[in-house]
Structures are given as C-alpha cells and as structure tokens.
Amino acid sequence: MLRAIMSSTPAWDIRDAINLYNIDRWGEGYFTVDSKGGVAVMPNQDHQRIPIADVIAEARDRGLGFPLVIRFQDLLRHRVKTINRAFAAAIEEAGYKNPYRGVFPIKVNQLREVVEEILDAGSAFHFGIEVGSKPELIAALGIHRDPDSLIICNGYKDSSFIQNALLGRKLGKMVIMVVEKIEELDHILRVSAEVGVEPWIGLRVRLRTKGAGKWATSGGENAKFGLSTADLVEASRRLHEAGLADSLKLVHFHVGSQVPDISTIKRAVREAARFYSKISKMGHQLGYLDVGGGLGVDYDGSRSTFDSSTNYSLQEYARDVVYNVMEVCDSEKVAHPTIVSESGRAIVAHHSVLVVEAFGSIEKAETRAPVPATVGAPKLVQDMEEICGEHSPLHRLENLHDAQQIKEQAATMFDLGLLEIQDRARIETMFWEIASRTVELCRGMRHVPEEVKEVETALADQYLCNFSVFQSLLDHWALGQLFPIMPLQRLNEQPERNATLVDITCDSDGKVSKFIDILDVKDTLPLHRIAPGERYHLGFFLMGAYQDIMGDLHNLFGRVTEVHVFLDEDEDEGWYVEEVLEGTSIGEVLAMTQWDTKELVRQVKSLVDAAIKGDRLKPNQAMRLLSNYEKGLKDYTYLSFPEK
Ligand SMILES: *Cc1c(COP(=O)(O)O)cnc(C)c1O
C-alpha cells in the first residue's frame, strides 16, 4: 500500500482513495467518496447522499466548535430495520414457528435521542429495551410505550431495582427480570410477594462456550454472571416451591461483545437451546430464548476473526441463530421459543462520525538545510557529512547503521558537554535525511529489513488533532480497538504523507498509532500535507457504540458537541440538522470537579483589583482581561482556531 502512495503514478482518482482507506469494506454501503473528493454518507444504502463537508460547513455557519459528533439518524433507523428484517428473513426461510423480538441494550448508547430513534424505527417489529442498572431501568420505564415489546433487566439487582421492574409489570409492560445469581431469585420472589405482583423471570445460564477477542470474559465457567447447571436445577425447584413455576419465561446468555468468529455464536446458541429445552421440560411455560449481544462490527473491513473484525455478516448471524435454536428444540421436541437478541454495537456503531480538525503536523525530516558546523567541530560531524554525501544504493544499510551510531554518540557527547548545540543539530538533520533516503532506496524490496521499517515509522509525521482520545476514543486507548479513520476532503488527491495522530491532552497515551489494515495493523495513516490556512478534517467512523458514554474528563476536556442530521424526504439531495447538543463548557467541567466558578471569578477579580492598586495593570486593560476570563467559562473545552 505504501508503495502505491509513493510511486509516481500521476493518475490518482477517488477509486484509489476508496481502496486505500478500505471504505467499501468497512463502510457496509453507508459511506463513499464523492466526485468532489469528500466523504458522503448514504443513510439508507441507496442514492440519497449527505456530503460530510456540507454538514461541517453548516456547523461552522452556526458557530459550533470542533471536535464534532455527527449522528445520521436515518442510518440508525436503517440499522434497526436491517437487523429485524434479517431475523424475519431467517425465520421465514427456516420455517421457524415463532417470531423475533429484539431489545436494544441501552448501555451501548444511552443518549435519549438515540434510544427514541431506535424504538421508533423498531416499533413495527416490537423492538424493546434491555437495561443493566437502576438508572437505565428508570429511563426505560419512561420511554417504553409498546406493550408488545420487551424490557429485559440484566445485572445485579437490589430491592428498589426489583420494585421498579414490578411497577413496569403493573403498568402492563412485559418486563423480565433475569436472575444473575441464585440468591437474587429469593430476593425477587420476596419483593414480588410484598408488592403483590407476579414477576416475569429469566435465568442467565453460564455456558461453557467462551467468547473470543477483547470481551471474552463474559462467558465461560468463570464468568461474573450466570447460573451453573446445579443452580439452574435449584432455581427450578425454588420456583415450583413458591408456586411460581409459570413465572419463568426466559433463558438468557451473553458470551461477550464483538464476537469475531461465527463458530463461537453457533456453539453458544446450541448450548443455550439445550438448556432452554431441558428447563422447559422441568415444568415451566418458557417462551423466550435470549441470545444476548456479541454480534460484531467489521471495523477494519477484513472479514476475519481478527479482534476488530468479524468473519460473518448480519444475515449469516441471524440465520445461524434461528437454525441452531430450531434444530436443538426440534430434537428435544420442544416448541420453538420467541428469539430475543440484545445487539447493541451492531445497531449503533455506524450512525455516528467524529469529525476532528488536524491543526498542524510535526515532521521529522523537515526540508531544512543543516546548520553549519562550528569551528573545530569533532570528527563525528565530518563522518556524518560523508555518509550524507553518499547517494549510492550499494551501502544503504551499512550507511544507515553508521548514521544511527553517530547520532547516538552525538547525543552522549552532548550530555557530557563535549558537543556544541549547533553540531548536534547538524548531525540530527543529516541523520533524518539519510534515514528517509534509505527508506526510499529500500522501497520495492521484497523483504524490507526490520530496522528500515522502524525508521520508516519513526519518520512518520505527527498530526496534531483537536480532540481527546480519553473522551472520544476510549476503547482505542484501553483495549487497542481499531476504528476506521480517514481524511474527509482532498480524496481526489494522492496523500503524500504518512502520519500518526496525537491529541491535545498532556498524556503521552493520547495518540493513535495503530490503524486498520486488511492484512495486519498499520502503524501510520496516509494523509495530505496540510496547506497553509487549510482546515483539514479527519473522520473517525463507526463511533456510535460505547465510546460516547465511556469517555472521561482527562485534562478536563468535556463532552463533544453533536449535530443530529436527517434526510429531507421532500428533496432528493436534501438533509437538515434537526438538533444541536452543545458540548460541555469550561464552567460546566469545572463544576463537575467541585470548582465554584463564581468563587473563581471573585478570586481573580480581587487579584486584578490588587494589581490595579499596585499600578501593575491599567484599569481598562484589567477589565478586558477579567471579562475575557469570565467569558472563557462559557467556552467549549477544546481549542478554537479563528478563521484564517
Ligand atoms: C453489553 C451487553 C450487551 C450488548 O452487547 P453488544 O455486543 O454490544 O451487542 C447485550 N447483553 C448484555 C447482557 C450485555 O452486558
């Protein structure tokens, strides 16, 4: 791929950009490059397109700051319909005897507008909600309307959690409390008796099948949740004893998120269907089998069992779930259950794009003439000059090794006070020149030596990006998860630089230096050289799952501003911004960490007054500075670059 970038083929077109960034592979038909060289979104996978550049322009017109999250609400709706239709098609094809009733696990993206959109788009399919905590349940009870859709309650529960779930039952909602450990069953039975409501109960089974990938620990015998086989038998006994055998409605499992390999899903589903069948025969009117989450997203587009990918499609997943449940239940002569799934990631990942402004770059081998050597400079400098003057490819590796050694020596001599700063500068400038020449000379070799690859990575530029990895890209930092990242403009031009990305936190981990690749993981991303005065935007894609809510306030960079975009049904090319959610202001993040902003202003004002009295500040100057300070509290926490 690098070869393609550096080769001098002049005929670059958007097809090359599409291939370079693999957009057709991870984009699922939702993203493409338009004829102007920008990225366009196709929320319904059809002819209707929204150029991201236009949304950016609109956001700037409205005075919004960057970074900016753009939510494509129609795309979200399309995902909801796609998963429901995939199951409906699989059910139809297999002749399966009961429907699919999916639920959205609200923890994957709790933003009200997102949840509302999902429920609305899913209403024709009786799509419900899954919650895992009290706050999530409280939200769900308020927003849930369709009496034919489920509310599934996972996670450990206390009395108040149980009471609220029972309130839902009283209101005529199909609320199912999933028992995560055996003591919880007694608790549910006790509180239900007190409240006088018959609970609907599910059992989470602990499968032998373990997920693979980064979230594997949700399954297997050491999982934190779920009932062992002995617990299941005991739970059945206790339910019969309480006269509530018919309250048991559902069997649930969850092997973890982003399961890369379909064979894991098949094994887990078969194991769970067996439990379902056996428990049914223990005298319970079960009706639902809940296969949890885990349906993955192909972040790198490689269609493989790599952690950031999946080796299966959504349709294949639905077909395998339906087919395997059916086969096991048929063999056990048990009626087909209604199939529930709790896919979050696969529903919300695609709809949101993070737009980040790159505001500068640090280049190693800058095209800068070496400073002259000082009089009486050590021989080291001369040695480097000699290597630098040699252009023949014959000794390219030897020269690189020698240059590396001289650079090391120079640093040591400098530390000891034996080398002038000018001479060190001269040596380093020459070193980077030799390094980039070596990389060029090795290009096209079948096996590029390891040390050359290392220098090549070291030569990569660092693009300074106005965002925080810890707020917007937490799974990349914490788990090494990869997201597709690419420039949003100039895709009709060949990118000539290779770069890593650094954020504006003061944390050395605040960077992105691993990028998607079909075969492997790349250390650098091809980008264009930022022109003077240019606003160069990068798009971070498939960001809608988990990242929004898990971000933290490292360096007090707060929530990112969002715009919600809808297609305009009356116009073929039209779209509009339905809503703007302003990001956190400086005053707000300070308040979250216990700073009283009024008190801060008072304190600064008293310092300013003292400075005026002491004649260190003129009054009008002082008032300007003070009002700037006060205004600053209302500012966005990220950097703001004026129009150039
Ligand atoms: C997190 C979670 C999900 C969502 O998983 P995805 O892989 O995002 O679909 C579903 N069910 C349970 C119990 C979960 O904990």
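Up top is the structure.
Cut-offs used in this document
Residues numbered from 1 in each chain as written. Predicted model: local features only at pLDDT ≥ 70, side-chain atom pairs only at ≥ 80, totals over all residues. Heavy atoms only, no water. Helix = DSSP H or I, 4+ residues; strand = E, 2+ residues; numbered from the N terminus. Buried < 20%, exposed > 50% of the residue type's maximum accessible area, 1.4 Å probe, protein only. Contact = heavy atoms within 4.5 Å. Areas by Shrake-Rupley, 256 points an atom, 1.4 Å probe, with all protein chains shown as cover. 1 Å grid on protein atoms, 1.4 Å probe; cavity = no way out; pocket = protein on both sides within 12 Å on 5 of 7 lines; lining within 4 Å. Points joined across faces, edges and corners; volume = space filled by probe spheres on them. Phe/Tyr/Trp six-rings, centres within 6.5 Å; stacked < 30°, edge-to-face > 60°. Near = heavy atom within 4 Å. Polar contact = N/O pair within 3.5 Å; in protein donor to acceptor, adjacent residues only side chain to side chain. Nonpolar A, V, L, I, M, F, W, Y, C, P; charged D, E, K, R; others polar.

A. Focus on the overall build of the protein chain. Scanning the protein chain from N- to C-terminus turns up 23 helices and 23 strands. Along the first, second and third principal axes, the C-alpha atoms of the protein chain reach 100 × 75 × 55 Å. In the protein chain, which comprises 644 residues, the proportion classed as buried is 54%. Counting contacts in the protein chain only where the partners sit at least 6 residues apart, residues at least 24 apart contribute 76% of the total. Accessible area for the protein chain stands at about 28,500 Å²; split by element, carbon and sulfur atoms hold 51% of it.

B. Representation of empty space enclosed by the protein within the structure. Scanning the model with the defined rule gives 4 cavities of 30 Å³ or more in all. Counted as a void, the largest cavity has a volume near 120 Å³. Every residue along the wall of the largest cavity is listed here: V69, S352, L354, Q471, S472, M543, Q547, D548, R559, V560 and E562. If you list the elements that add at least two residues to the lining of the largest cavity, you get β13 (352-362), α18 (469-472) and α20 (547-550). In this structure, the second largest cavity encloses a volume near 80 Å³. Around the second largest cavity, the lining residues are L20, Y21, N22, W26, P484, I485, M486, F515, I516, K522 and L525.

C. The arrangement of the packing of aromatic side chains in detail. In this structure the tally under the stated criterion is 16 aromatic pairs. Taking 4.8 Å as the distance between ring centres and 50° as the angle between the ring planes, the aromatic pair formed by Y156 and F225 counts as tilted. Of this pair, Y156 sits in the loop between β7 (150-153) and α8 (159-170) while F225 sits in the loop between β9 (201-204) and α10 (229-241); the two residues are 69 residues apart in sequence, bridging distant segments of the chain. Relative accessible area serves as the criterion here: at 40%, Y156 is assigned to the partly exposed category. Connected via pairs of aromatic rings, a cluster forms that spans F87, Y100, Y312 and Y317.

D. Seen up close, the site of the ligand. Near the ligand, the surroundings consist of 16 residues, among which K107, S257, E342, G344 and Y546 are the closest. Take G294: an N or O atom from its main chain is 2.9 Å from an oxygen atom of the ligand. Between G344 and the ligand, the recorded distance is 2.7 Å, taken from a backbone N or O atom to an oxygen atom. When isolated, the ligand has an accessible area of 390 Å², and the protein chains bury 92% of it. Grouping the constituent residues of the shell around the ligand by class yields 3 nonpolar, 8 polar and 5 charged.

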